[in-house]
Each structure stands twice: as C-alpha cells, then as structure tokens.
Amino acid sequence: MKNRFILMSMLSATMLLSSCEDSFLEKEPYASVPIGSAITTEQEMQAAMNGVYASMRTFETFGRNIPVLGDLLADNTYIAPTNSGRYLNQNTFALTASSAEPTEMWNNLYETILRANIVINAELPEADAEVVSQLKGEAYAVRALAYHELVKFFAKPYTVDPNAAGVPIVTEFDQNAEPARNTVAEVYSQIIADYTKAFEMMEAGASDASYMSKYAARALQARAYLFMGDYENAKTAAQDVVDNGGYELVSAANFVDYWQNPVPVSNQVETIFEISIDAIDNNGSNALANIYDQGGYGDILATTDLYNTYTEDDVRLGVILVGERGGVNPAYIVNKYSNRTNPSDKDDIKVIRYAEVLLILAEAQARTGDDASALETLNMLVAERGVEAYTSTGGQLVEDILEERRKELAFEGHRYHTLTRLNLPITRTSEHPSAARLIPVGDPRRIQPIPQGEIDANPNITQNDDY
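Source: prediction; values computed, not measured.

Caption draft 1: Spotlight on empty space enclosed by the protein. Summed over all chains, the structure comprises six cavities of 30 Å³ or more. If you go around the largest cavity, you meet 14 residues; those closest to its centre are Ile-66, Lys-350, Val-351, Glu-412 and His-414. Put simply, the parts of the chain that give the lining of the largest cavity at least two residues each are helix H3 (65-72), helix H6 (129-154) and strand E6 (349-353). No other element matches E6, which puts three residues into the lining of the largest cavity. The class makeup of the residues in the lining of the largest cavity is six nonpolar, three polar and five charged.

Caption draft 2: How the structure looks around helix H5 (residues 100-120). Taking 1.5 Å as the rise per residue, H5 with 21 residues should run 30 Å; its terminal C-alpha atoms sit 30 Å apart, in good agreement. Where burial is concerned, most of H5 is hidden: 17 out of the 21 residues are buried.

Caption draft 3: Summary view of the packing of aromatic side chains. The full count for this structure, using the stated rule, is 14 aromatic pairs. Plain terms: the ring middles of Tyr-53 and Tyr-211 are 5.5 Å apart, the flat faces sit at 85 degrees to each other, and that makes the pair edge-to-face. With Tyr-53 in helix H2 (residues 42-55) and Tyr-211 in the loop between helix H7 (184-201) and helix H8 (214-227), the pair connects residues that are 158 residues apart, well separated along the chain. Just as Tyr-53 is buried, Tyr-211 falls in that class too.

Caption draft 4: Focus on unusual backbone geometry. In this model, Asn-329 is joined to Pro-330 through a cis peptide bond whose omega is 5 degrees. Residue Asn-423 is not a glycine yet carries a positive backbone phi of 55 degrees. Structurally, the position occupied by Asn-423 is in the loop between helix H16 (415-421) and strand E7 (426-427). Judged by its relative accessible area of 34%, Asn-423 is partly exposed.

Caption draft 5: Focus on the layout of surface pockets. Roughly 450 Å³ of internal volume is contained in the largest pocket. Taken together, 28 residues make up the lining of the largest pocket; nearest its centre are Ala-155, Lys-156, Pro-157, Val-160 and Ile-447. Elements with a minimum of two residues in the lining of the largest pocket: H6, H7 and H16. At four residues, H16 tops the list of elements feeding residues into the lining of the largest pocket. Of the residues that constitute the lining of the largest pocket, the class distribution is 15 nonpolar, six polar and seven charged.

Definitions and cut-offs
- Residues numbered from 1 in each chain as written.
- Predicted model: local features only at pLDDT ≥ 70, side-chain atom pairs only at ≥ 80, totals over all residues.
- Heavy atoms only, no water.
- 1 Å grid on protein atoms, 1.4 Å probe; cavity = no way out; pocket = protein on both sides within 12 Å on 5 of 7 lines; lining within 4 Å.
- Points joined across faces, edges and corners; volume = space filled by probe spheres on them.
- Helix = DSSP H or I, 4+ residues; strand = E, 2+ residues; numbered from the N terminus.
- Nonpolar A, V, L, I, M, F, W, Y, C, P; charged D, E, K, R; others polar.
- Expected span 1.5 Å × (residues − 1).
- Buried < 20%, exposed > 50% of the residue type's maximum accessible area, 1.4 Å probe, protein only.
- Phe/Tyr/Trp six-rings, centres within 6.5 Å; stacked < 30°, edge-to-face > 60°.

Quick look at the structure:
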C-alpha cells in the first residue's frame, strides 16, 4: 500500500492520541485514548479533544509557521541580513514542491483535521448529550479553521476563482482513499457548514480562550465569509459576535501588558481564541518568540514601511522595539511575543481577537454601503489605540480600514492573506531581496506548492502551477 500523506496523518494521529508518553500532545486533563479503540466515554472524548488542541501547538502550523508566513510573504516583515537560515526561501519567493515549510504545514493541518474527525464521528449514545455536543462543536470549529488555513495557503482565493482546485476534503477515515482536490468553493462550503454546526452545538462560554466557544466559531465564520467576499454574511456574523459575544477591546493603557500576559485569557478582554503554550508544552527553540527575539534567533524584523504607518501616540508602537541587528540600524524588533525566557509560562498564540472582528465588521459595512456604521465601528477600535478618529467615506474609508487592519494585526499572520483575497499586488520593500519586491497579481508564487510527497503518493492530487 502506498504511503499517502493524508492517510499517514490519520494513522499518526490515532497512534499519538493513544500514547501516554507523548505529553506534548496532551492538555489537562492528562489522559489518552487506547490505540485501536473507539471513543466510548465522555472522558475519552475529552482526551481526544485535548489531542486536537495539542496538534495545533506545533511550530509547523499555528505555533510559528502560520503567523510568521502571513507577514513575511507580504510587506510587514523581512529576514535580517544576519540570520540563522530560516525562511530564506519565503523571503525570496523561491519555494519548490520539496520545500520544508509547505510540507510541514500540509501534513500537520491534516493531522489536526483527522484528529477532529475522530471526535466528530464518535458515537456515545449513553453519554451526557450536552457534554458530547460541546466537544463535537469544538472539533467542528477546529476542523473548519484548519481547512481555512489550508485553502488560504494552497489554493487561489475564492474571490479570484471559486472553481479553482482547492484542497481535499476528508471527513472520515478510509485507508484506501486517494482524495482529489475539491474546488475552492466546495472547501469554503465545508468551512461554513462546520462553523454553523459548531455554533449550534456549543454553549456560549468557555473556561478560557484556549478552548473553542460558540462565539469563537461565529467570529471565525465571519472571517471565512470575508475571504469569500460575502460581505453581507460577514457583517451579520461579526455583528452577532459584537452584540452577543460579551467581548471587549483591551484598553490603550493595558495594550502592552495584554501582550506580555502569558496565560490564557478568561475575562473576554480582546482574546476570542488562542493556542495555549506553557512552560511544559511549548516549541522550545522553535517558538514564535524565538524567531523575533534578539536573544533567540532574532531573524525577522519589522519593515521600516510598516513602522512608519504608526503615529507617535499609537500604543501599538509599544510592541515594536527600536534597536540594532547585524548592521541594521535602526532595526525594528517585534516584541508582541515577550515570554521567550519566562520560566513559568510562554506566549500563547492569538488566533482571533475582538479587534479583528471589529475590522471585519467595519470592512463589511463599508463594502455594503453603510459608511456611517463602518466609521463608527472603525473609530471604536482606534479610540483604544491612541489614533485620531477617522472621518473618511467611500473608497478612502475602505483603504483606512485596510490600513488599520495592517497595523492592528501585524505579526499575527494576516497581511499576506489580506492582499491575496483582495487580489492586490504584493509590493514589498527595499529591505527585501530585489527579485522578490513585487509579486504581481496572477504570479503563481502567491500560492504555496502541494508537497511533492503528496503528489508522488496520490495520483489524484494535482500540483499548483509552475511547481
């Protein structure tokens, strides 16, 4: 039998879920699902769901690569001339089908999906229905999130060609499967359906933001609608989170402290969903903080262009340090992740924040002709960032929202995807390699390659153009 990447991810997930030795896969309560056994109890389902969350922690996906590449492939960050050799192919847009990072991301996101499928497909007729519904809802939300990351990186944007080849949709385990790529539209249909089920199945609250919740699913669904260019539904979903989610923005006075906090948020201030990383379960030298911290690798710097978009009183400047790096002076050093050396805890990875929901809502309002509401929503955010209120309308208002999106979500992995979903050229800076300063619309380098191992193992998988 061929070694198929997606199949092997399922087998790997099943084996890893069963191992009491692999503590990095576990999250309280520390338990496991016996290998080869179905989930038969609420406790086993919780243990399996813990494994789903743990799979998201790895540096190959949310733990580093996803947030890093979302800025590095655009104009927010670049690799310093003095570096450790990481992400050089991304910095130069010189990926191949055998490049490590796309392969790692593909494999690990499918592992997360396949672990989520274990929870979703479990049958526990004798268990507490509310507990089962909550856990399955969490699994649906995580599966949708993983599929969204896959289709964003490995396929054309929905807004460009919804009928283009997307990624394979796998919802059940079949050891003989050789899944073909579903269309982008089919993948987004699955994403929206999964978020809808998650929203319906979960209760409103969660013990903290490291667990999926009802309104986390709704917020992430608003993001997915935005990427589809479905601004009416994006507006409806985002407004639902604003009206009923109970979240609030972190204040200007507490902005820097918020980013220095290493523990999962439980007060519904700013964070809606985050990946929990602590002193025991973390990525060590592969941590996100390590790629920015000058005491670690310190390879990646903020561009001068990004730094200059902030006004003097903008509190977001508090997470960018001005220093020097290997002859770069001034070097703009990212300090959103400041707990690299914290012996007690490490930086959690913010997946979606309330600020992003407001930006989604503002953009959707502006693009559906409601400038007054869009302006009100945008100014709600900037009032807590030390920025003067906006007064723009029409196309300029949309541009202002996108500029605030760039500034607010910098170093969290969003800028590249904003440019691709809007089908805008990726115009980089003089700090980037000369051959990779303009990545025009239609350039095949804007899409990541399907891993060569997947192509070799599965005759039904097609490669992206020019790889």
